[in-house]
Amino acid sequence: MNEPTSEGKRHIERWERSLQEVRRLKRELNKAECEVSNSTNALGKWLMPNDARVGEVIGVWNGNEIITAKKKDENNYDVDKRKRA
């Protein structure tokens, strides 16, 4: 069996490290996206009145920005924020 050259070995090791880094970052991104989804829905649910209907939007001032929440369905919300002009 042929052994890789020292240059080839460096390329292979670099390639393997980069693959590992991509896998690690994908796991972190997935975790962060789940947290954004969970915290968005928790905030939307907290902001909305209990009798809110699907499609209803509410806005709440928080300092110099307004946070808006829209009820998408029974358990999901869109939340956004805008700064005062």
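Use the structure listed above.
Residues numbered from 1 in each chain as written. Predicted model: local features only at pLDDT ≥ 70, side-chain atom pairs only at ≥ 80, totals over all residues. Heavy atoms only, no water.

A. Structural context of the overall build of the chain. A tally of regular secondary structure across the chain gives one helix and three strands. Reading the chain from its N end, one meets helices and strands in the order α-β-β-β. Over its C-alpha trace the chain gives a radius of gyration of 23 Å, far above what one expects of a compact globule, namely 12 Å for 85 residues. Taken along its principal axes, the extent of the C-alpha atoms in the chain is 70 × 30 × 15 Å. Out of the 85 residues in the chain, the part that is buried amounts to 14%. Taking all contacts inside the chain whose residues are at least 6 apart in sequence as the whole, residues at least 24 apart take part in 17%. Accessible surface computed for the chain: about 7,500 Å², of which carbon and sulfur atoms make up 51%. Once the 18 positive and 15 negative side-chain charges of the chain are each reduced to a mean point, those two points are 3 Å apart. (Helix = DSSP H or I, 4+ residues; strand = E, 2+ residues; numbered from the N terminus. Rg over C-alpha atoms; globule rule 2.2 N^0.38 Å. Buried < 20%, exposed > 50% of the residue type's maximum accessible area, 1.4 Å probe, protein only. Contact = heavy atoms within 4.5 Å. Areas by Shrake-Rupley, 256 points an atom, 1.4 Å probe, with all protein chains shown as cover. Lys, Arg positive; Asp, Glu negative; His and termini not counted. Charge placed at Lys NZ, Arg CZ, Asp CG, Glu CD.)

B. Molecular detail of the packing of aromatic side chains. Applying the stated criterion across every chain yields a total of zero aromatic pairs. Of note, Arg 84 hangs over the ring of Trp 61, and the distance from its end group to the ring centre comes to 4.2 Å. (Phe/Tyr/Trp six-rings, centres within 6.5 Å; stacked < 30°, edge-to-face > 60°. Lys NZ or Arg CZ within 6 Å of the ring centre and 35° of its normal.)

C. Region of the structure containing the sheet that holds strand β3 (residues 77-83). Pairing is antiparallel in the open sheet, where three strands are placed in the order β1-β2-β3. Looking along the sheet, the strands with just one partner apiece sit at the ends: β1 (57-62) and β3. Geometrically, the sheet is characterised by an average inter-axis angle of 20° between neighbouring strands, direction not taken into account. Here strand β2 (residues 65-71) runs beside β3; their pairing, made up of seven bridges, is antiparallel. Following the sheet pairing, Lys 70 is matched in β3 by Asp 78. (Pairing = 2+ DSSP bridges. Axes fitted to C-alpha atoms, helices over the stretch in contact; angles between N-to-C directions.)

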